[in-house]
Each structure stands twice: as C-alpha cells, then as structure tokens.
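Architecture and fold: a report
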Amino acid sequence: MAASYGNGVFGQFPTGVLMYVTMVFIFLAPRWDQKLQQQKEQEQEQKNYSLKTIG
C-alpha cells in the first residue's frame with residue numbers, strides 16, 4: 001500500500017523532480033559540511049601562523 005502511494009508521488013511531474021533533487025541535496029550535505037569545516041580549519045591555521053610570525 002505504501003509502495004503504491006510512493007510510486008504515485010515520485011512519478012508525478014512537479015513532485016517527482018523536487019523529491020529527487022531534494023534527496024541529492026540531503027545526501028551531499030555531509031560532504032559539503034566536511035569541506036566547509038576543512039576550509040575553516042585551514043583559515044584558522046593560516047591566521048595562527050601569521051600571528052606567530054608577526055609577534
């Protein structure tokens with residue numbers, strides 16, 4: 001019963017496209033978070049290094 005309802009929702013034009021695109025964003029979010037965290041760490045390391053070399 002649930003599977004047949006899901007097929008109808010995913011098969012319709014506007015809803016199906018939105019659902020699949022939303023799933024892509026949900027599954028890619030952890031990867032983007034990891035990249036942002038790495039960038040913040042690199043910026044912090046550069047900031048700490050420049051403070052050490054100046055002072």
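Shown above is the structure to which this text applies.
Residues numbered from 1 in each chain as written. Predicted model: local features only at pLDDT ≥ 70, side-chain atom pairs only at ≥ 80, totals over all residues. Heavy atoms only, no water.

Let's talk about the overall build of the chain
Rules: Helix numbers and strand numbers start at the N terminus; a helix is a DSSP run of H or I with at least 4 residues, a strand a run of E with at least 2. To get the radius of gyration, use the C-alpha atoms; to get the globule rule, take the number of residues to the power 0.38 and multiply by 2.2 Å. Here the term buried applies to any residue with accessible area under 20% of the maximum for its type, exposed to any over 50%, and partly exposed to those in between, with areas from a 1.4 Å probe on protein chains only. For the accessible areas, the method is Shrake-Rupley and the probe is 1.4 Å, while residue cover comes only from the protein chains on display. Only four residue types enter the tally: Lys and Arg on the positive side, Asp and Glu on the negative side; His and the chain ends are excluded. All charge positions are set by atom: Lys at NZ, Arg at CZ, Asp at CG, Glu at CD.
Each helix and strand counted, the chain has two helices and zero strands in total. Rg of the C-alpha trace for the chain: 22 Å, well past the compact-globule value of 10 Å for 55 residues, more than 25% over. C-alpha extents for the chain along the principal axes are approximately 70 × 20 × 10 Å. By residue count, 4% of the 55 residues in the chain fall in the buried class. Carbon together with sulfur atoms contributes 63% to the accessible area of the chain, which is approximately 5,300 Å² in total. Computed over 5 positive and 4 negative side-chain charges, the separation of the two mean positions in the chain equals 2 Å.

Structural notes on the packing of aromatic side chains
To be explicit about the condition: Under the pairing criterion, centres of Phe, Tyr and Trp rings, with the six-membered ring standing for Trp, must be within 6.5 Å; the plane angle then separates stacked pairs below 30 degrees from edge-to-face pairs above 60, leaving the rest tilted.
For the structure on display, the rule yields one aromatic pair. Ring centres of Phe25 and Trp32 lie 6.0 Å apart, and the angle between their planes is 50 degrees; this geometry places the pair in the tilted category. For Trp32, a relative accessible area of 41% translates into the label partly exposed.

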